[in-house]
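Residue-level listing of the chains:
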Amino acid sequence: MPHKIGFVVVSSSGHEDGFSARELMIHAPTVSGWRSPRFCQFPQEIVLQMVERCRIRKLQLLAHQYMIPSKVEFYISESLPEYFTPYQAERFRRLGYVSLCDNEKTGCKARELKSVYVDAVGQFLKLIFHQNHVNKYNVYNQVALVAVNIIGDPADFGDESNITSREKLIDHYLGHNAEDPALEGTCSGKSDYISPLDDLAFDMYQDPEVAQIIRRLDERKREAVQKERYDYAKKLKQAIADLQKVGERLGRYEVEKRCAVEKEDYDLAKEKKQQMERFRSRVYEQLQLHELVDAELMRRPLDLPLQPLACPSSPHHQPPMRSLPQPEERVSENRLADPFLQEKPSSHCLDVSPQRPTVDRPPPATDPPPKTHPDSLPYDERPLPVTRKQLGAAVSEAERRDVLGDEARRADTAGEPEPLTEKALREASSAVDVLGEALVAGAYSKTWSHREDALLTLHKQLTDTPVGTPKEDLKSTLRAAVFLVRRAIRDIVTPVFQASLKLLKMIITQYIPKHKLGRLETAHCVERTIPVLLTRTGDSSARLRVMASNFIQEIALFKEVKSLQVIPSYLVQPLKANSSTHLAMSQMALLARLLRDLGTEGAGFTVDSVMRFSVQALEHRVREVREAAVGMILDLYAQHRALVLEYLPPDDSTTRRNVLYKTIFEGFAKIDGRPTDAEMRAQKRAAAEEAEKRKKEEIRALQGQLAALKEMQAEVQEKESEATKAKNQDTQERKVAPPNAPEIPDNHYLDNLCIFCGERSESFTEEGLDLHYWKHCLMLTRCEHCRQVVEISSLTEHLLTECDQKDGFGRCYRCSEAVSKEELPRHVKTRDCNPAKSEKLANRCPLCHENFSPGEEAWKAHLMGPAGCTMNLRRTHVLHRTPVLPPGKGPAATRAGTSGSKVGSKIPTPKGGLSKGSSRTYTKR
């Protein structure tokens, strides 16, 4: 279990005289703490060494009321670094920082207690203080720290995860959850439970001597619980509660005594000292009377030199020390606002009355703790004016409270609540007239058991009220009961709070329907109690928060309350900027649950009110509240999509720079079934990777085909050389042949001739023609969609009827060309295309979109001529003219003669599914 860790101050960057950093090693109501030098350079730092290597769970800082640093950073290390060998020694590891407020709201008359939850292992802790907040009191630009507290576990001890305690086994088999709010505040509830006695607020608020006794009693209480001595543990628990009040009062007396000494009112100082001694002696006598402590436990500790603090439960426990007293204000968890302790008289067996007649005991024989004379203190360190104003009035008020406390305790001993004060009588006069003074006095009692009994008695009275009672009496009784319930809801004692909820539920669900009082009385009950209940949903106790939230949800679903539509109107009120985190989170959670239960149709919630509340909650300072608002908006969008979008900014890149709005719009996309930005980016990345993969595969295929072409070219060259040799031999044979030999007709005119462009070449063998068709022929082109080689004149018909992607094209009625169906509407609408003419009047080029003279020869002139088509990319090749041939034997005649026929040619293609050596047939149109 985490506990307080003792430490010593190793070093500091400097301090003002009389305010050394070693003062931080002492926790008491009168410590002065550390203060930086005047007009120092920032940052300032302090290095602390803990008594053992430990895992730090919680750090607490008590800031000065006006010498406040703007920021404090935390660093931790396993060992102390050697500053002269920085490259060989371990460095401090940064944990983070906390910011402190400038204290302007309190007029620099309060001190801030900052609690930071961490999880870090080490033995050295370094605090770095940054530039101070500027105010009129801090004339020397100093920073100060009144106290620092470290809570953690020894790091060298066994792992808690390997320990299966008896309590954990019992909880496991009973089905208890460690997070159950009912277990809050118990050691067995959570393994990381931190005792309130280890909190810095306890030491800064208690008399040091009484604080040590409380810790010893707390140890005995835990031992009694382990031994199942529950009566004794209950007795110790009550004694601890009463001793805490005693310690608070003694601490207040000490502050008052110091103020009197500072004002040189030594008679008052002597009186306060004697009052403290008498009060202390009587309390100790009561403790011995009830056999709770022995004389050795109550023996006042001797004055000891400065030592590191240590918790009694720590394995390295050290004896407690008496602190050097200095003026100090009261400590609370968030703000230390009141310098005087608020007295709350005991309501149990421990009698701490200073007015009880007893024999005065002499003070203990040990010397009193060392005192620091006020004259030796700098002016700035003297108690603030708030602790010195109207000191006489404060003392008289304290004495008056003592007398009232005596009366309360005497009444408690007799078993009756103390009588109502004059102020209480004026406040509750209407309730007294209806319910009687005795019952109202119990509800106003300073003893929580009397308050609880008064509420339960009233519950029984209302339940037993007969049906025939006059309406006016019923209504007056109801309003008086609601008055007491409203007061009891604010009670900090859990049983009293539970009794108030029980009474309120009975009034709404049983008393009003039973006597048929109507909607007006129901509305009165709800409107008077729900606002107070909503404030309790922000209580520091998780158990009370859960109880308040569940009660509001249960009452809101009751049919008489649901028809009023009052609770939804309270829940959608905007969150206040200074509201606590617990209150904001509870309101968000309660709103979300009721929104699911009631909906937005006729139950008080509307899309407008909920969206206005949620959009404002997106700007809240607490991250959990903002995330809850995002979830609420997404839930509402699933039901009312169009209405929700009206309250949000447009979905664009500027808006998506905000992480919350980006999350909201991505959530909308998931609800709509659309891909989110992240999914779209992933799809684009996958498509890009796939395209890159296909490109690499195409490159490899082209490289393979190029190698095949090189092999074919080599074979063609070999055949040409063989043909040349054969021709030479034939020529020689003709020379020697007889002159009257018959002439052989030339039937091989089409050899080595491209039938499309008319080019003739010795390299135009079967393989050479394939290469020519694929890359060089000016009359052919490759389809970009199916990679097939087609004639340019038939490209449009190919795209519309033959291409693998023919379903994606349509014909433009204006230009008669093939256009992608996605672009066809825009293409037709813009009317930018050049109108086509009839086939008898003109040909239409699908490359340059121009009309030219009709006929087959016109295609050749357009695609191959010097002034022909400018979009034909193959015109970069050198044109070879064929020799003049006799009529009927030219290429045109050949083309005309073969028009409509199919010419088979084996053309390797880079893509299209053909393997090496396969053939593709082309149509000559």
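Everything numeric in this text was worked out from a predicted model, so none of it was measured.

Visitor: Could you clarify how one ought to interpret the packing of aromatic side chains in this entry?
Guide: Two descriptors summarise a pair of aromatic rings, namely the distance from one centre to the other and the angle between the planes of the rings. Evaluated as defined, the whole model comprises 8 aromatic pairs. Aromatic side chains phenylalanine 39 and tyrosine 140 sit 5.7 Å apart centroid to centroid with 90° between the ring planes, which places their arrangement in the edge-to-face category. Separated by 101 residues along the polypeptide, phenylalanine 39 in the loop between strand S3 (34-35) and strand S4 (44-63) and tyrosine 140 in the loop between strand S7 (113-129) and strand S8 (144-154) bring together distant segments of the chain. The exposure class assigned to tyrosine 140 is partly exposed, which follows from its relative accessible area of 25%. Arranged with centres 6.3 Å apart and planes meeting at 70°, the rings of tyrosine 253 and phenylalanine 279 form a pair that is edge-to-face. Here tyrosine 253, found in helix H4 (residues 230-262), pairs with phenylalanine 279, found in helix H5 (residues 266-289); they are 26 residues apart in sequence, far enough to count as distant.

Visitor: Mind showing me how you'd approach the nonpolar core here?
Guide: Inside soluble globular proteins, nonpolar side chains tend to come together where they are buried. Val440, Ile507, Leu533, Ile567, Phe605 and Leu648 are the most contacted members of the largest nonpolar core, which has 89 residues in total. The greatest single-element share of this core, amounting to 11 residues, is contributed by helix H13 (residues 494-515). Each of two domains, domain 3 (419-564) and domain 4 (574-674), supplies a minimum of three residues to this core. Every residue in contact with leucine 648, bar those within four places of it in the chain, is listed here: Met611, Val615, Ile633, Tyr661, Ile664 and Phe668.

Visitor: I keep staring at the pairing of S8 and nothing clicks. Help me out?
Guide: Taken residue by residue, a regular strand's side chains alternate between the two faces of the sheet. Of all 11 residues making up S8, 11 are buried, and the element is well covered by its neighbours. Both strand S1 (residues 3-4) and S8 contribute to a ladder of 2 bridges, which runs antiparallel. When the sheet's bridge partners are listed, lysine 4 is paired in S8 with isoleucine 151. Inspection of the sheet shows S3 paired to S8 by 2 bridges, in the antiparallel sense. Each bridged residue has a counterpart across the sheet, and for arginine 35 the counterpart in S8 is alanine 144. Where S4 lies against S8, 9 bridges are found, and the strand directions are antiparallel. Across the sheet, the residue bridging to lysine 58 is isoleucine 151, located in S8.

Visitor: Is there a simple way to think about the side chain of arginine 656 in this case?
Guide: One can find arginine 656 in the loop between helix H21 (641-645) and helix H22 (659-672). Within the local environment of arginine 656, its side chain forms a polar contact with the side chain of aspartate 651, the two groups lying 2.7 Å apart. Contacts of arginine 656, omitting those with residues within four sequence positions, involve Asp651, Lys662, Phe665, Glu666 and Asp677.

Visitor: Teacher, can you tell me more about unusual backbone geometry here?
Guide: Trans is the common state for peptide bonds, and a negative phi is the common state for residues other than glycine. Cis rather than trans, the peptide bond between phenylalanine 42 and proline 43 has omega equal to 5°. Following the sequence through the fold, proline 43 ends up in the loop between S3 and S4. The backbone of arginine 831 sits at a positive phi, close to 55°, despite the residue not being glycine. With phi around 60°, histidine 849 is a residue other than glycine that occupies positive phi space. Along the polypeptide, histidine 849 turns up in the loop between strand S13 (843-844) and strand S14 (851-852).

Visitor: Sorry if this is basic, but what is going on with the environment of valine 493 here?
Guide: Assignment of secondary structure puts valine 493 in the loop between helix H12 (471-489) and H13. Expressed as a C-alpha distance, the spacing of valine 493 and serine 449, which sit 44 residues apart in the sequence, is 9.5 Å. If sequence neighbours within four positions are ignored, valine 493 has contacts with Trp448 and Arg451.

Visitor: Would you mind showing me how to read the packing of helix H18 (residues 581-598) against helix H19 (residues 607-617) here?
Guide: In helix packing, the relevant descriptors are the interaxial angle and the interaxial distance, both defined with respect to the helix axes. Between H18 and H19, the shortest axis-to-axis distance is 13 Å and the interhelical angle comes to 150°. When the axes of H18 and H19 are compared, the pair comes out roughly antiparallel. The interaxial crossing formed by H18 with H19 has left-handed handedness. Of the residues in H19, those touching H18 at Gln587, Met588, Leu591 and Leu595 are Val610, Phe613 and Ala617. Tallied by class, residues from the contact of H18 with H19 come to 6 nonpolar, 1 polar and no charged.

Visitor: Could you clarify how one ought to interpret H18 in this entry?
Guide: Residues that lie three or four places apart on an α-helix share one face, since the helix turns once every 3.6 residues. Under the 1.5 Å per step criterion, the end-to-end length of H18 is 25 Å for 18 residues, consistent within 8% with the ideal 26 Å. Where H18 is concerned, the buried positions are Ala584, Ser586, Gln587, Met588, Leu590, Leu591, Ala592, Leu594, Leu595 and Leu598. Buried-residue contacts for H18 involve helix H14 (519-536), helix H15 (542-556), helix H16 (559-562), helix H17 (567-571), H19 and helix H20 (623-637). Trailing H18 by a residue or two, glycine 599 shows a phi angle of about 75°, which is positive.

Visitor: Sorry if this is basic, but what is going on with the pattern of salt bridges here?
Guide: Note on pairing: side chains with opposite charge can pair once their charged atoms come close. The full count for this structure, using the stated rule, is 34 salt bridges. Two residues, aspartate 203 and arginine 215, come together in a salt bridge whose shortest N-O distance is 2.8 Å. On the criterion of sequence distance, the pair formed by aspartate 203 in helix H2 (residues 200-203) and arginine 215 in helix H3 (residues 208-226) is long-range, its members being 12 residues apart. With respect to class, aspartate 203 is no different from arginine 215; both count as buried. Where lysine 272 meets glutamate 256, a salt bridge forms, and the shortest distance between an N and an O atom there is 2.8 Å. Remark: glutamate 256 occurs in helix H4 and lysine 272 occurs in helix H5; sequence separation between them is 16 residues. You can call glutamate 256 buried: its relative accessible area is 2%.

Definitions and limits used
- Residues numbered from 1 in each chain as written.
- Predicted model: local features only at pLDDT ≥ 70, side-chain atom pairs only at ≥ 80, totals over all residues.
- Heavy atoms only, no water.
- Phe/Tyr/Trp six-rings, centres within 6.5 Å; stacked < 30°, edge-to-face > 60°.
- Helix = DSSP H or I, 4+ residues; strand = E, 2+ residues; numbered from the N terminus.
- Buried < 20%, exposed > 50% of the residue type's maximum accessible area, 1.4 Å probe, protein only.
- Core = buried A, V, L, I, M, F, W, Y, C linked by side-chain atoms within 4.5 Å.
- Domains from an automatic or database assignment.
- Contact = heavy atoms within 4.5 Å.
- Pairing = 2+ DSSP bridges.
- Polar contact = N/O pair within 3.5 Å; in protein donor to acceptor, adjacent residues only side chain to side chain.
- Axes fitted to C-alpha atoms, helices over the stretch in contact; angles between N-to-C directions.
- Parallel < 35°, antiparallel > 145°, perpendicular 65-115°, else oblique.
- Left-handed = near helix turned anticlockwise from the far one by under 90°.
- Nonpolar A, V, L, I, M, F, W, Y, C, P; charged D, E, K, R; others polar.
- Expected span 1.5 Å × (residues − 1).
- Salt bridge = Lys/Arg side-chain N within 4 Å of Asp/Glu carboxyl O.

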